Amino acid sequence: MSASGKPIVVLTGGTGGAKFVAGLAAAMPPKEITCIVNTGDDLDWWGLRVCPDLDSITYVLSGRLSRERGWGVEGDTFLCRDAMKAYGAPAWFSVGDKDVALHLLRTQLLRGGKSLSEATAEITTRLGADACILPMSNSPVETRVGTPEGELGFEEYFVGRRFQVPVEYVRFQGSESARPAPGVLDAIASAEAIVIAPSNPVTSIGPILAVPGIREALAHTGAPVIAISPLVGKAAVSGPAAALMAASGLPVSLFGIAKAYHEFMDVLIADYADAADASVLVQSGVRVHTTDIIMRNDEDKKRLGLLTILMVEQYSRLRTADARQATAVTQGTQS
Ligand code: GDP
């Protein structure tokens, strides 16, 4: 539990992020967790508004997420998808039947005039997720992936092409004029700590950081910012993070993670497999803690959640001690 009762704020995206949030929610009261979630992957599918990362976080915090797939609802069926396919509708993006229900509900709320934040808050309550879930922005921001066959939406690249096409660049359409969703900047300013989940730094955390004002808020918050590496042994644990980092000019290593987050990161949690890079970073002044960061099961997830809380406490104590020392030095100078 956070010492002050102030929330721990997690910036998060897809599967790695959802695994981490599950672990954190097992390690502390979920109602003290605020998730700021990527919406760059959102898309219209069969006329319904689908928000893959908001869905995953809502499912994980309401105990519904499919463990096997890492997305969608546990034990869901795919009758609607199969019927749509039989009727000649596109079916490259799989949505389960209970998923369709959620997308219908969201679409109804949005068409009824609610903002994405309001719809998300209502869905969070209706599904019984006991945490605060905030979309990064109510403005549409769309992650676009440049490939030799032209620009693709993120899910077209990730699911449609199974991330097997070369990536030339990544951009976030609409980000320049986007505004942080209500509650996002306040959550960052008044957090006990901010945690950057082990999500894809380019396409899950990148869109959040591209919303004007969020990077600045992270750089200026008084709360410690702790990032968890999504890389183990200079490779992504899953998914296309390595290719996307390379295409975005980031080294595929802890150095790339440090580069992506350098303006605001106070502590980096990395894997033992990257200990050599970690010690180079430590020598250049970055605080790095190495441990086993692969979340194979619930126990691993909870352990990483508990370790993150421990890091928050340790870093806060360290800063208090530094502040006391600085005061003592100043007083010593004055007397
Ligand atoms: P995606 O949209 O499913 O790719 O979702 P994310 O943004 O969460 O990206 C997945 C990221 O999580 C990848 O970079 C993975 O390397 C990372 N990841 C997945 N599982 C784990 C894990 O168990 N531990 C850590 N540290 N990272 C993980």
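Relevant structure appears above.
Overview of the structure. Computed from a prediction, not measured in an experiment: that's the story for all the values here.

1. Quick notes on the overall build of the protein
Here is step 1: Secondary structure assignment for the protein yields 13 helices and 14 strands.
Here is step 2: Taken over C-alpha atoms, the radius of gyration comes to 20 Å for the protein, in line with the 20 Å a tight globule of 335 residues would show.
Here is step 3: Based on the C-alpha atoms only, the size of the protein along its principal axes is roughly 80 × 40 × 40 Å.
Here is step 4: Sorting the 335 residues of the protein into buried and exposed places 51% on the buried side.
Here is step 5: Computed over 30 positive and 36 negative side-chain charges, the inter-centroid distance for the protein is 2 Å.

2. Brief notes about the side chain of Thr 203
Here is step 1: Assignment of secondary structure puts Thr 203 in the loop between β9 (193-196) and α8 (206-210).
Here is step 2: The exposure class of Thr 203 is buried, given its relative accessible area of 1%.
Here is step 3: Side-chain polar atoms of Thr 203 contact the side chain of Asn 200, separated by 3.2 Å.

3. Quick word on the pattern of salt bridges
Pairs can form between side chains of opposite charge once their charged atoms are near each other.
Here is step 1: What the rule picks out here adds up to 17 salt bridges.
Here is step 2: Linking Arg 67 and Asp 298 is a salt bridge whose minimum nitrogen-to-oxygen distance equals 2.9 Å. In this pair, Arg 67 sits in the loop between α2 (52-61) and α3 (79-86) while Asp 298 sits in helix α13 (residues 298-334), placing the two residues 231 residues apart along the sequence.
Here is step 3: Note on Arg 67: relative accessible area 59%, which makes it exposed.

4. Considering the sheet that holds strand β14 (residues 287-291)
Here is step 1: One open sheet holds the seven strands; their spatial order is β5-β2-β1-β9-β10-β13-β14, and the pairing between them is parallel. The open sheet terminates on both sides in strands that have one partner only, identified here as β5 (132-135) and β14. The sheet shows a mean angle of 20° between the axes of neighbouring strands, taken without regard to direction.
Here is step 2: As defined by bridge partners, strand β1 (residues 8-12) adjoins β9 across four bridges and the pair is classed as parallel. Paired with Val 9 across the strands is Ile 194, a residue of β9.

5. A look at the pairing of strand β10 (residues 225-228)
Two faces make up the sheet, and in a regular strand the side chains alternate between them.
Here is step 1: Of the two faces of β10, both are covered, the one formed by Val 225 and Ala 227 as well as the one formed by Ile 226 and Ile 228.
Here is step 2: As defined by bridge partners, β9 adjoins β10 across three bridges and the pair is classed as parallel. Across the sheet, residue Val 195 finds its bridge partner in β10, namely Ile 226.

6. Observations concerning the sheet that holds strand β6 (residues 142-147)
Here is step 1: Ordered in space as β7-β6-β8, the three strands form an open sheet in which the pairing is antiparallel. Taken across any chain shown, the strands that pair with only one partner, and hence form the sheet edges, are β7 (150-153) and β8 (169-173). Between one strand and the next, the sheet's axes are offset by a mean angle of 30°, whatever the strand orientation.
Here is step 2: One ladder, built from five bridges, connects β6 with β8; its direction is antiparallel. Within the sheet, the bridge partner assigned to Val 145 lies in β8 and is Val 170.

7. Brief notes about the pairing of β14
Here is step 1: Relative to β14, strand β13 (residues 267-271) runs parallel, the two being bridged by five bridges. Note on β14: the bridge partner recorded for Ala 270 is Thr 290.
Here is step 2: Handedness of the β-α-β unit built from β13, helix α12 (residues 275-283) and β14 comes out right-handed.

8. Some points on the site of the ligand
Here is step 1: The immediate surroundings of the ligand are formed by 19 residues, with Asn 200, Ser 204, Pro 230, Val 237 and Met 295 found nearest.
Here is step 2: The side chain of Thr 15 places a nitrogen or oxygen atom 2.8 Å from an oxygen atom of the ligand.
Here is step 3: In this structure, an oxygen atom belonging to the ligand sits 2.7 Å away from a main-chain N or O atom of Met 295.
Here is step 4: Ranked by residues supplied to the shell around the ligand, first place goes to helix α1 (residues 15-27) with four residues.
Here is step 5: The residue makeup of the shell around the ligand, split by class, is nine nonpolar, nine polar and one charged.

The rules behind each value
Residues numbered from 1 in each chain as written. Predicted model: local features only at pLDDT ≥ 70, side-chain atom pairs only at ≥ 80, totals over all residues. Heavy atoms only, no water. Helix = DSSP H or I, 4+ residues; strand = E, 2+ residues; numbered from the N terminus. Rg over C-alpha atoms; globule rule 2.2 N^0.38 Å. Buried < 20%, exposed > 50% of the residue type's maximum accessible area, 1.4 Å probe, protein only. Lys, Arg positive; Asp, Glu negative; His and termini not counted. Charge placed at Lys NZ, Arg CZ, Asp CG, Glu CD. Polar contact = N/O pair within 3.5 Å; in protein donor to acceptor, adjacent residues only side chain to side chain. Salt bridge = Lys/Arg side-chain N within 4 Å of Asp/Glu carboxyl O. Pairing = 2+ DSSP bridges. Axes fitted to C-alpha atoms, helices over the stretch in contact; angles between N-to-C directions. Right-handed = clockwise from strand over helix to strand, strands pointing away. Near = heavy atom within 4 Å. Nonpolar A, V, L, I, M, F, W, Y, C, P; charged D, E, K, R; others polar.

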